[in-house]
Amino acid sequence: MSLDPAPMEDWLKWRPAPLLPTQDGRDRSLVFVVAVLCFLACLAVFATLAANRAADGWRQQLAASATVQVRPKPGETGSSAAARAAEALAGVRGVSEAQALDRAAAERLLEPWLGQGNIPEDLPIPHLVTVELDPKAPASAEAMNAALKTAGIDGTVDDHRRWMKDVERAGASARAAALAAGLLVAAAAAAVVAFATRSGLAARRDVVEVLHLAGARDSFVATLFQTRFALLAFRAGAYGAVAAALVAALLRLLGGSDGFTPVLPFAWTDLLWALPCPFAAALVAAVSARRTAMSILGKVT
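Because the structure is predicted, anything quoted here is derived from the model rather than measured. (Residues numbered from 1 in each chain as written. Predicted model: local features only at pLDDT ≥ 70, side-chain atom pairs only at ≥ 80, totals over all residues. Heavy atoms only, no water.)

Chemist: Even after reading the chapter, I still don't get the nonpolar core, so can you show me in this structure?
Modeler: In a soluble, globular protein the nonpolar side chains are often hidden away together inside. Core analysis: the biggest nonpolar cluster contains 35 residues, and Leu-30, Cys-42, Phe-46, Leu-201, Phe-229 and Leu-271 have the highest contact counts within it. Of all the secondary-structure elements, those providing two or more residues to this core are helix 2 (27-63), helix 6 (161-203), helix 7 (205-213), helix 8 (218-255) and helix 9 (277-300). In terms of residues, this core owes the most to one element, helix 8, which gives twelve residues. If we skip the residues at most four places from it in the chain, Phe-229 touches Leu-30, Val-193, Ala-196, Thr-197, Ala-285 and Ala-289. Within the second largest apolar cluster, 22 residues are counted, among which are Val-70, Ala-82, Leu-133 and Ala-141. (Core = buried A, V, L, I, M, F, W, Y, C linked by side-chain atoms within 4.5 Å. Buried < 20%, exposed > 50% of the residue type's maximum accessible area, 1.4 Å probe, protein only. Helix = DSSP H or I, 4+ residues; strand = E, 2+ residues; numbered from the N terminus. Contact = heavy atoms within 4.5 Å.)

Chemist: Is there a simple way to explain the pattern of salt bridges in this structure?
Modeler: Oppositely charged side chains are able to pair whenever their charged atoms sit close together. In total, this model carries three salt bridges according to the counting rule given. Glu-76 serves as the salt-bridge partner of Arg-84, at 2.9 Å between the closest nitrogen and oxygen. Look at Arg-84 and you get partly exposed, because its relative accessible area is 31%. (Salt bridge = Lys/Arg side-chain N within 4 Å of Asp/Glu carboxyl O.)

Chemist: In this structure, what is going on with the sheet that holds strand 4 (residues 154-158)? I would like to understand it.
Modeler: Hydrogen bonding along the main chain pairs the strands of a sheet, whether they run parallel or antiparallel. The four strands lie next to each other as 2-3-1-4, forming an open sheet whose pairing is antiparallel. Because the sheet does not close on itself, it has two edges, and the strands there are strand 2 (95-100) and strand 4. Adjacent strand axes in the sheet meet at a mean angle of 20° when their direction is disregarded. One ladder, built from five bridges, connects strand 2 with strand 3 (residues 127-133); its direction is antiparallel. Its bridge partner lying in strand 3, Glu-97 is registered against Glu-132. (Pairing = 2+ DSSP bridges. Axes fitted to C-alpha atoms, helices over the stretch in contact; angles between N-to-C directions.)

Chemist: Please clarify how the environment of Leu-128 should be interpreted in this entry.
Modeler: Note on placement: Leu-128 falls in strand 3. Along the primary structure Leu-128 and Ala-81 are separated by 47 residues, whereas in three dimensions their C-alpha atoms are 9.7 Å apart.

Chemist: Explanation requested: the environment of Ala-35 in the structure shown.
Modeler: If you trace the backbone, Ala-35 turns up in helix 2. In sequence terms Ala-35 and Ala-243 are 208 residues apart; their C-alpha atoms lie 8.9 Å from each other. Those residues in contact with Ala-35 that sit more than four places away from it in its chain are Ala-236, Tyr-239 and Gly-240.

Next comes the structure, spelled out in structure tokens:
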């Protein structure tokens, strides 16, 4: 007596089908939208990192220097007054170097606004002294003013505090804009997933009813949708993060040593900030899908 192996082979090949299909044509639109949102979110993060790095560089440059405008006394030339001011400031603790600017150097500072060769010979130009400060222990404006007063020099010290406040304000604005963009992207992704969850529940209402008849709780059904859309969002987030990293890497290569541009320096390590994107997308999708499913199932039951 021999047994037909065909039924046994068919049984071995059988696998229980998932309650929710793993492939759905409508999922492509969801994956595309979430991937685009994650792509934009990653680019916003990269731009914010570059802006913060630029702001820090500007802040350090401003903090490491100061400018002194000297007003000569009657009978004294501006050049001699600036030279005396530079000599007085050089002896202040926290000053690395003080140098008086001649007229040619001062004219070069005005060229971006007035244009090259457009400065009249009789135009009164301020007499300036550039001061390089010790980055570890910079001299204060009060100490430099005191040194000028002791030397009998009429001058005004600009330690760039006003400009540093503007830079700090710009950096804070960039961070706030990035945070707002991230929240908007998360809200948009949550709305898309919620809509997809509602559509999925409506399309599989018969499956949900059978599960309820079999004694399944709402939390079990919600977990099915939560897991499904979390995996889809994770995959879409990976697509978006990889695309954003490739675009940023291309811009970094085109920008050379300056990163994106000299104004927005970008580092290769910034690409690591794209790694959390798929996990964040999956978390947002899971929370949105579960909340939506529990809300709808509560009304059905």
